[in-house]
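Remarks on the overall topology
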Amino acid sequence: MSDIIHLLPDSVANQIAAGEVIQRPASVLKELVENSIDAGATFIQIVIKDAGRTLIQVVDNGKGMSETDARMAFERHATSKIKNADDLFSLRTMGFRGEALASIAAVAQVELRTRRSDDELGILVEIAGTRVFKQETVQCDLGTSFQVKNLFFNVPARRRFLKSDNVEKSHIFTEFYRIALVNSNVAFSLYDGDEELFQLPASNNKIRIENIFGKNAKKRWQQQLLTIETSTNLVRIYGYVGKPEYAQKSGSQYFFVNGRYMRHPYFHKAVLLAYSQMIQASESPNYFIYFEVDPQTIDVNIHPTKTEIKFENEQAIWSILSAAIKEALGKFNVVPSIDFDQEGALEMPTGMSVENVRPPQTNFNPNYNPFGTTNYKRPILNWEELYGDFEKKDEPIESSPTWEPNFDSPIITTDSTIGQQQVIEHTESHADNFQYKNRYIITGIKSGMLMIDQHRAHTRILFDLFLSQIKNSHVLSQQVLFPEVLELSPEDALFFEQIIQDLQKVGFEFEPIGNNSFNIKGVSSYVGTSSVIDLLLDILDKAKTTAAEPTANLHESISLSLAESSSLKAGQHLTSEEMCDLIDRLFACANHNFTPDGKKIMTIFTQDELEKRF
Ligand code: ADP
Ligand code: MG
């Protein structure tokens, strides 16, 4: 039998190796832009076509390459960035493996033009499927321009493996953000064909974050970022964390070390722990945290597509990080005055001097009448009748069938919580209701004292109402006289298009006007006085996390956003009749104990508990 082992031709070996580095258009973009950063560029212009399938072009004003280097750059393991294994532990560059360009040239058609500042003429190299087709001197601008065309032209299986344009584009945005957020001193532009998606001037980290995520939500981002900054001999940590109330189901979360994006599940936990008690378990805060350490003390992942990085002093840095975040949150004083989500007895503010009591910081329109925002109003029941009615009712209380709130069981049996209707057995007189800090309604019940969060109660009431209206398509739309324009990031516009139909069902009307923007021509008649743009952005945020789920969830998330924005806020004074009406409508809801997103609406101080305090 003859021997059967032979060496693969270079072109095949390169294609196989390329699979490790280049998986999709976004990987090409990442490698090219990182090279431009390493070349000291201060302006990087990116153009993609067909989600990067037909073209990815990266033009920089960096240091350029000599004629020999321009040709060498495409060889496997050709790099100017490290010389030996020791250099791996003093990395200051993004690249070091010397395989990106070789990989790209193995699976695409590449055109490189490059010129150094000292050279009069530049070099043009054309290479495709590892074969060099052209190498000649040309007139060209200082710096380097790469055009990568028809990715995977020679690997049909890989081409088929690519996902829809939207998915590929969102991968591109992900890579772009990871680089742009940590290189805020570099100006970037990103075009999809002729359409400008991003134009980011050189700035600082904070402005860069706002420019990337802000667009028309800029104020939202400006308001929410708290600065963190700490410096020890082990590490310098700086950046921004979002205020707890801006936490979302999928927050924007970024760690960078020495100018490189990294994933770090262990440090992520430190961040979450610092926020515990301040946000829902299902939510996560936004953060942009930059670490600077001695490169000797980290181990950059040798795998080309992995972003995990090992730290020598992981535990110590964990504590420093955690303290820095707690300090930032503490300075901002974000701890709520009464934590409704805490089980057990509440601390009553006894012995507090009146001078120290600050009024709650609220933002509300005193002319806004929450009871006028809906077409629905149940008649105000007589107080006794309300509770008498309760005694008679005996059907079990359940959560609404389509909404799965975020808590273990809707029936909570601890003493301080209402979970079962027999708890409310009897009420005293009408005059027993009063409003505490214009935020909580307090009323006497036979077994003690009932305290209701007015905002959460109204949110539950409106949510139930909106959801049923959406399901029955009974929604009224109001045409607006002067349409506002909703400007979105390219990424958000993709999501938005997926939910437009549902928004139309609840009374919104939009007209796409190009450039990721939409005229808001009609508005759901339920929307209160709050900003329609903020409301839509909120709906969009929530929809992003439910996009893959059935429409029922989308309807719920839209109803919830509408309810939250239109419900009465803390700080709003209520007459005793309004309080009665609110309680009446709340108890008419199937699940009156919790808001649709699982926040506790009411709590009881039992007679026993109250007596123990005296
Ligand atoms: P690595 O970045 O790991 O060194 P690459 O294959 O990405 O490997 O690039 C090979 C070499 O080509 C780099 O080391 C660098 O010297 C050169 N190079 C690549 N892109 C540029 C650029 N935009 N400007 C200047 N030099 C570049
Ligand atoms: Mg590189």
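Conventions we followed
Residues numbered from 1 in each chain as written. Chains lettered and ligands numbered in written order. Predicted model: local features only at pLDDT ≥ 70, side-chain atom pairs only at ≥ 80, totals over all residues. Heavy atoms only, no water. Phe/Tyr/Trp six-rings, centres within 6.5 Å; stacked < 30°, edge-to-face > 60°. Helix = DSSP H or I, 4+ residues; strand = E, 2+ residues; numbered from the N terminus. Buried < 20%, exposed > 50% of the residue type's maximum accessible area, 1.4 Å probe, protein only. Lys NZ or Arg CZ within 6 Å of the ring centre and 35° of its normal. Expected span 1.5 Å × (residues − 1). Bend = angle between axes of the 7 residues up to and from the residue. Pairing = 2+ DSSP bridges. Axes fitted to C-alpha atoms, helices over the stretch in contact; angles between N-to-C directions. Parallel < 35°, antiparallel > 145°, perpendicular 65-115°, else oblique. Left-handed = near helix turned anticlockwise from the far one by under 90°. Contact = heavy atoms within 4.5 Å. Nonpolar A, V, L, I, M, F, W, Y, C, P; charged D, E, K, R; others polar. Near = heavy atom within 4 Å. Polar contact = N/O pair within 3.5 Å; in protein donor to acceptor, adjacent residues only side chain to side chain. Areas by Shrake-Rupley, 256 points an atom, 1.4 Å probe, with all protein chains shown as cover. Salt bridge = Lys/Arg side-chain N within 4 Å of Asp/Glu carboxyl O.

Looking at the packing of aromatic side chains
In the structure shown here, the tally under the stated rule is 30 aromatic pairs. Relative to Tyr-254, the ring of Phe-213 lies with its centre 6.1 Å away and its plane at 45 degrees, an arrangement referred to as tilted. With Phe-213 in helix 7 (residues 205-214) and Tyr-254 in strand 11 (residues 253-257), this residue pair connects regions lying 41 residues apart in the sequence. Judged by relative accessible area, Phe-213 falls into the buried class, the value being 17%. Tyr-254 gets classed as buried once you look at its relative accessible area, which sits at 11%. Their ring planes at 20 degrees and their centres at 6.3 Å tell us that Tyr-436 and Tyr-440 sit as a pair that is stacked. Residue Tyr-440 is classed as buried on the basis of its relative accessible area of 2%. Looking at Lys-163, its charged tip hangs above the ring of Phe-161, at a distance of 5.4 Å from the centre. Positioned over the ring face of Tyr-238 is Arg-236, at 4.0 Å from the centre of the ring.

Brief notes about helix 13 (residues 490-505)
Its 16 residues give helix 13 an end-to-end C-alpha distance of 24 Å, which sits within 8% of 22 Å, the value for a rise of 1.5 Å per residue. Remark: the principal bend of helix 13, roughly 45 degrees, maps to Ile-499. Among all positions in helix 13, only Pro-490, Glu-491, Asp-492, Ala-493, Leu-494, Phe-496, Ile-499, Ile-500, Asp-502 and Leu-503 are buried. Of the residues flanking the end of helix 13, it is Gly-507, one or two places downstream, whose phi is positive at about 100 degrees.

Overview of the sheet that holds strand 2 (residues 55-60)
Strand pairs in the sheet, formed through backbone hydrogen bonds, run parallel or antiparallel to each other. Strand order in the open sheet formed by eight strands is 5-4-3-6-2-1-7-8, and the pairing between neighbours is mixed. Looking at which strands have only one partner, the edges of the open sheet turn out to be strand 5 (131-138) and strand 8 (195-200). Strand-to-strand twist in this sheet, taken as the mean axis angle between neighbours without regard to direction, amounts to 10 degrees. Note that strand 2 and strand 6 (residues 143-149) share six bridges and pair antiparallel. Its bridge partner being in strand 6, Val-59 is matched across the sheet by Ser-145.

Regarding the sheet that holds strand 11
The five strands are arranged 9-10-13-11-12 in an open sheet whose pairing can be described as mixed. Two strands lie at the open edges of the sheet, namely strand 9 (225-231) and strand 12 (260-262), each paired on one side alone. The mean angle between the axes of side-by-side strands here comes to 20 degrees, regardless of whether they run parallel or antiparallel. Bridge analysis of strand 10 (residues 236-242) against strand 13 (residues 287-292) gives six bridges, and the strand direction is antiparallel. Residue pairing across strands places Gly-239 opposite Ile-289, the latter belonging to strand 13.

Concerning the packing of helix 2 (residues 25-38) against helix 4 (residues 100-107)
Interhelical geometry of helix 2 versus helix 4 gives an angle of 140 degrees and a closest axis separation of 10 Å. The orientation of helix 2 relative to helix 4 falls into the category oblique. Regarding helix 2 and helix 4, the two cross each other, and that crossing is left-handed. Of the residues in helix 4, those in contact with Val-28, Glu-31, Leu-32 and Asn-35 of helix 2 are Ala-100, Leu-101 and Ile-104. Each residue belonging to the contact of helix 2 with helix 4 can be placed in one class, and the counts come to five nonpolar, one polar and one charged.

Examining the site of ligand 1
The immediate surroundings of ligand 1 are formed by 20 residues, with Asn-35, Thr-79, Ser-80, Lys-81 and Gly-98 found nearest. Within the contact set of ligand 1, an oxygen atom lies 2.8 Å away from a side-chain nitrogen or oxygen of Asn-35. Within the side chain of Thr-144, one N or O atom sits 3.3 Å away from a nitrogen atom of ligand 1. The protein chains hide 93% of the 530 Å² of surface that ligand 1 would expose on its own. Listed by contribution, the elements that provide at least two residues to the shell around ligand 1 are helix 2, helix 4 and strand 6. Classifying every residue of the shell around ligand 1 by side-chain character gives eight nonpolar, eight polar and four charged.

Quick look at the pattern of salt bridges
Under the criterion given, the structure shown has 19 salt bridges. Between Asp-581 and Arg-585 there is a salt bridge; the shortest N-O distance is 3.3 Å. Here Asp-581 and its partner Arg-585 are both found in helix 16 (residues 576-587), four residues apart, which amounts to about one turn of the helix. In terms of burial, Asp-581 and Arg-585 fall into one category: buried. Residues participating in the shared-partner salt-bridge network are Lys-30, Glu-31 and Glu-34.

Focus on the side chain of His-264
Tracing the backbone shows His-264 in the loop between strand 12 and helix 9 (265-274). For His-264, a relative accessible area of 7% corresponds to the buried category. Apart from residues lying up to four places away in sequence, His-264 is in contact with Phe-255, Ile-309, Phe-311 and Glu-314.

The analysis is restricted to geometry; functional conclusions fall outside its scope.
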